[in-house]
Amino acid sequence: MTANVKGRGIRVEVAATYGSPIAINGVSNANPGVVSETGHGLTAGQVGYFSGVSGMVQLEDQAIRVAGVTTDTFTLQGLDTTNYSAFVSGNLTMAATWATLGEATSYSIPDASSEDLDATTLLDVIDVVEAGNLAAQPLNVSVLSKETLTAAMTLIEAAARAGTKMLVRITLQQGGVRVYYGTPSAPGEDVQAKQLGKGSLSFKGRGFLLKLAA
């Protein structure tokens, strides 16, 4: 039986450094999508993101995790590309090192409800609503405030001020993983008497937040 998510033993990380972009030869329309790249050299579990994508534009800024590795192919764990456009070209950049956000106290992922599209006509006597695009799904993180910024928070603050995106990886106690690629907000800070200082931040992007098995 699948284990419940528990709020303990959870590691929240942001990518500290990245490898050089890899020009990808092809991505299949499949579930999960399969990447073709001769001698790619990647290993299962690595995390990265797509950029500069032509054709299969749904992959732009999408965080991915490598699985099902062979010499010249690997699968995009948990990412269904069956109905995506045909892939033409694109780059894949992998995280090289990670910094742990040890001050994280909680994270939340809001539901991605679709927008309502009004399809009501003059003949209708009640409103007709159709589902539109899914809402963006940001990743929200609460943290304890430190007098001196940790390495992870320094990276987040710098990315927020520059308006650049970051890879985020959350590893659950039982080994499940969440991966996301988005721009962080500048962390807030709330300090009150007889309480530890707290803060919060969010990451916002265009790709799906993937919830993956170990």
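Because the structure is a prediction, the values reported are computed rather than measured. (Residues numbered from 1 in each chain as written. Predicted model: local features only at pLDDT ≥ 70, side-chain atom pairs only at ≥ 80, totals over all residues. Heavy atoms only, no water.)

Caption draft 1: Structural detail: unusual backbone geometry. A cis amide bond, omega -5°, links N31 with the succeeding residue P32. Within the secondary structure, P32 sits in the loop between β3 (26–27) and β4 (34–36). Unusually for a residue other than glycine, D61 sits at a positive phi of about 65°. Position of D61 relative to the elements: it lies in the loop between β5 (47–54) and β6 (63–67). Of the residues examined, D61 reaches a relative accessible area of 11% and is grouped as buried. Phi is positive for K194, which is not a glycine, with a value near 65°. Structurally, the position occupied by K194 is in the loop between β14 (177–184) and β15 (198–204). (Helix = DSSP H or I, 4+ residues; strand = E, 2+ residues; numbered from the N terminus. Buried < 20%, exposed > 50% of the residue type's maximum accessible area, 1.4 Å probe, protein only.)

Caption draft 2: Layout of helix α1 (residues 151–162). Relative to the 16 Å expected for 12 residues at 1.5 Å per residue, α1 spans 17 Å between its end C-alpha atoms, a close match to the ideal helical length. Looking at the buried positions of α1, the neighbouring elements they touch are β1 (11–18), β8 (89–100), β12 (139–144), β13 (166–171), β14 and β15. Positioned one or two residues after α1, G163 has a phi angle of 70°, which is positive. (Expected span 1.5 Å × (residues − 1). Contact = heavy atoms within 4.5 Å.)

Caption draft 3: Structural context of the environment of A159. Mapped onto the elements of the fold, A159 is located in helix α1. Separated by 24 residues in sequence, A159 and T183 have C-alpha atoms that sit 7.2 Å apart. Those residues in contact with A159, other than ones at most four positions away along the chain, are T164, M166 and P184.

Caption draft 4: Structural view of the layout of surface pockets. Of the pockets and cavities examined, the largest pocket occupies roughly 260 Å³. For the largest pocket, the lining is made up of 14 residues, of which Q58, Q62, R206, G207 and F208 are closest to its centre. (1 Å grid on protein atoms, 1.4 Å probe; cavity = no way out; pocket = protein on both sides within 12 Å on 5 of 7 lines; lining within 4 Å. Points joined across faces, edges and corners; volume = space filled by probe spheres on them.)

Caption draft 5: Inspection of the environment of T73 at higher detail. Relative to the assigned elements, T73 resides in strand β7 (residues 73–76). Taking the C-alpha atoms as reference, T73 lies 17 Å from A86; in sequence the two are 13 residues apart. Those residues within four positions of T73 in sequence are excluded, and the remaining contacts are V34, V35, S36, H40 and G68. At a separation of 2.5 Å, a polar atom in the side chain of T73 contacts the side chain of T70. (Polar contact = N/O pair within 3.5 Å; in protein donor to acceptor, adjacent residues only side chain to side chain.)

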